[in-house]
Every structure is written in structure tokens, then in C-alpha cells.
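Examination of the molecular architecture
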Amino acid sequence: MRRQRRTKAQWQSILSAQQTSGLAPPEYCVKHRIHLQTFYARRCEMNKRTGPPSGQLIKIIQPKTQPVPTPPQLTVVYHGVSLNVNHAVEAQWLAGVIKALVS
């Protein structure tokens, strides 16, 4: 006499139980009297249903970013030469540049 077919919910439960059991599929199937090829076929079938759809594009929405304000610049003008530097420049370096412009 043929055994009654298992439902999709029952197979999902079996597949989850095998994962958590720590047993390899062949060992689990022998222990629970499940045909190994049927186990693999149902697992493959369930993975196709629960996996992401293949061949379809997924729209990715990036959050809009706020522009990062830049610190104001310091402009040094000497005899028609303009030097724009930000406030992060070292004072000693700037003093050296100004001395070089003067000489």
C-alpha cells in the first residue's frame, strides 16, 4: 500500500528539522524513513519557491544625501596674486608662503 503524500507545510517542517538536527541529509532520511531522492527533490522545489526570483530586476532606491557644507576659504591677495586656502591649513606653512611672496 502506498504512503500518503506529505503537504508542502509538512515538507517545510521536515527540511527545517533536518537543518537544525545537525545530521547530513542521508543520515536524517535513514533515521526518519524518508526516501533520499524525494528529500532532495522537495528541498530543491522549496528553495526555488522561497529564493529570490531570477531574471528580474530589483529597483534600488538610494536615500538622498544632504550636501556637506565646506568651510569658508581664506583668500590672500598680494600684488594681483590670489591664494585660496581653507582654514585647515597650518599657520606656519601659510606664513612661509606669505614670506616667499613678499621677498
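Residues numbered from 1 in each chain as written. Predicted model: local features only at pLDDT ≥ 70, side-chain atom pairs only at ≥ 80, totals over all residues. Heavy atoms only, no water.

1. Some remarks on helix H1 (residues 8-21)
Between its first and last C-alpha atoms H1 spans 20 Å; for 14 residues at 1.5 Å apiece the expected length is 20 Å, and the two agree. Residues of H1 that are buried: Trp11, Ile14, Leu15 and Gln18. Buried residues of H1 fall within an arc of 95° about the axis and therefore sit on the same side. Exposed and facing more than 90 degrees away from the buried side of H1 are Ala9 and Thr20. (Helix = DSSP H or I, 4+ residues; strand = E, 2+ residues; numbered from the N terminus. Expected span 1.5 Å × (residues − 1). Buried < 20%, exposed > 50% of the residue type's maximum accessible area, 1.4 Å probe, protein only. Arc of directions from axis to C-beta.)

2. What to know about the packing of aromatic side chains
Taken as a whole, this structure holds one aromatic pair when the rule is applied. Relative to Tyr40, the ring of Phe39 has its centre 5.9 Å away and its plane inclined at 70°; by these criteria the two rings are edge-to-face. The ring of Trp11 carries the charged tip of Arg6 above its face, separated from the ring centre by 5.3 Å. (Phe/Tyr/Trp six-rings, centres within 6.5 Å; stacked < 30°, edge-to-face > 60°. Lys NZ or Arg CZ within 6 Å of the ring centre and 35° of its normal.)

3. Concerning the layout of surface pockets
By volume, the largest pocket is sized at about 330 Å³. For the largest pocket, the lining is made up of eleven residues, of which Gln4, Arg5, Arg6, Trp11 and Thr38 are closest to its centre. Of the residues that constitute the lining of the largest pocket, the class distribution is two nonpolar, three polar and six charged. (1 Å grid on protein atoms, 1.4 Å probe; cavity = no way out; pocket = protein on both sides within 12 Å on 5 of 7 lines; lining within 4 Å. Points joined across faces, edges and corners; volume = space filled by probe spheres on them. Nonpolar A, V, L, I, M, F, W, Y, C, P; charged D, E, K, R; others polar.)

These figures capture arrangement, not role.
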